[in-house]
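# Understanding the architecture of this molecule
Now for the letters of each chain:
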Amino acid sequence: MIVRHGFMIVGMPFGGKTSAYRVLAGALADIHEQGLMDENKVQITIINPKSITMGQLYGQFDPVSHEWSDGILAVSYRAFAQSTVKLQIVSRCGMIYMEPGALGWEPLFTSWLNELPESITEEHKVLLTELFEYFVVLTVLCIEQPTKVILFLTQMEEPLRLIDLAYSFPTPTFNFKIQPAIHQNTPALIR
């Protein structure tokens, strides 16, 4: 990247953070392969700082042996420095906040629909789409009313629970018999 900034992508689950940095990394790799803009191939190291201690992350001094042990960040930076990547000192860090509500539930549903087994026909997918469009909107409207919520779910997690429910069917195929829709605003009925 031309600017000497670091970037942090933050936000609630299902906001598209992982997809965003993977698409950016792929685009920068394409630019590198084409020899444009003097970009380097992207190397990614994922670190979950909540899963380790501060000493494991940054490094620590052992008071008994008086030895220093490098942390995961130091080891990662050293590995990057030994590669062909030009390291930049990050003097400023940009925050990119990705709001899951801005995406809506539809991309998540479409992704799930595309991953269904081949035994699910297009007719089934149309039916599932109609049912989700009808019931997810109604469910969200119901939850947004003054109701007592026991477990808070984000707008992205609510449709996920319906997807989980769909996976709870005992067989890999859905045995739907589709009737014509009674009304244009009503999804096709399941017999």
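Computed from a prediction, not measured in an experiment: that's the story for all the values here.

## With respect to the pattern of salt bridges
Close approach of charged atoms allows side chains of opposite charge to pair. Here the structure, examined in full by the defined rule, presents one salt bridge. Of the charged contacts in the structure, one is a salt bridge between Arg78 and Asp70, with a shortest N-O distance of 2.6 Å.

## So, the packing of helix α5 (residues 106-114) against helix α6 (residues 122-144)
Packing of α5 against α6 leaves a shortest axis separation of 11 Å and a crossing angle of 160°. One finds that α5 runs roughly antiparallel with respect to α6. Remark: the crossing between α5 and α6 carries right-handed chirality. Between α5 and α6, the residues in contact are Phe109, Trp112 and Leu113 and Lys125, Leu128, Thr129 and Phe132, respectively. Per-class residue counts for the contact of α5 with α6 are five nonpolar, one polar and one charged.

## Considerations on the pairing of strand β2 (residues 59-62)
Here β2 runs beside strand β3 (residues 67-70); their pairing, made up of four bridges, is antiparallel. When the bridges of β3 are listed, Gln60 appears paired with Ser69. Taking the residues that link successive antiparallel strands as the turn, the β2-β3 hairpin has four residues, and the phi of His66 there is positive, at about 60°.

## Brief notes about the packing of aromatic side chains
Inspection of the entire model under this criterion finds five aromatic pairs. Between Phe109 and Trp112 the ring centres are 5.7 Å apart and the planes differ by 45°, which places this aromatic pair in the tilted class. Here the residue Phe109 and the residue Trp112 both occupy positions in helix α5, the gap between them amounting to three residues, near one helical turn. A connected cluster of aromatic rings, assembled from ring pairs, spans Trp105, Phe109, Trp112 and Phe132.

## Observations concerning the nonpolar core
Counting 13 residues, the largest nonpolar core has Phe109, Trp112, Leu113, Leu116, Leu128 and Phe132 as the members making the most contacts within it. Elements with a minimum of two residues in this core: α5, α6 and α7 (157-167). Among the elements that line this core, the one with the most residues is α6, at four residues. Dropping the residues within four chain positions of it, Leu113 is found in contact with Lys125, Leu128 and Thr129.

## Observations concerning unusual backbone geometry
The phi dihedral of His66 falls on the positive side, at around 60°, and the residue is not glycine. Its place among the elements puts His66 in the loop between β2 and β3.

## A short note on the packing of α6 against α7
Close contact between α6 and α7 brings their axes to 10 Å; oriented N to C, the two are set at 130°. Here α6 lies oblique to α7, going by the angle between them. Here α6 runs over α7; the crossing is right-handed. Counting all contacts with α6, which are made through Phe132, Val136, Val140 and Ile143, the residues of α7 involved are Glu158, Pro159, Leu162 and Ile163. Residues of the contact of α6 with α7, tallied by class, amount to seven nonpolar, no polar and one charged.

What counts as what
Residues numbered from 1 in each chain as written. Predicted model: local features only at pLDDT ≥ 70, side-chain atom pairs only at ≥ 80, totals over all residues. Heavy atoms only, no water. Salt bridge = Lys/Arg side-chain N within 4 Å of Asp/Glu carboxyl O. Axes fitted to C-alpha atoms, helices over the stretch in contact; angles between N-to-C directions. Helix = DSSP H or I, 4+ residues; strand = E, 2+ residues; numbered from the N terminus. Parallel < 35°, antiparallel > 145°, perpendicular 65-115°, else oblique. Left-handed = near helix turned anticlockwise from the far one by under 90°. Contact = heavy atoms within 4.5 Å. Nonpolar A, V, L, I, M, F, W, Y, C, P; charged D, E, K, R; others polar. Pairing = 2+ DSSP bridges. Phe/Tyr/Trp six-rings, centres within 6.5 Å; stacked < 30°, edge-to-face > 60°. Core = buried A, V, L, I, M, F, W, Y, C linked by side-chain atoms within 4.5 Å. Buried < 20%, exposed > 50% of the residue type's maximum accessible area, 1.4 Å probe, protein only.

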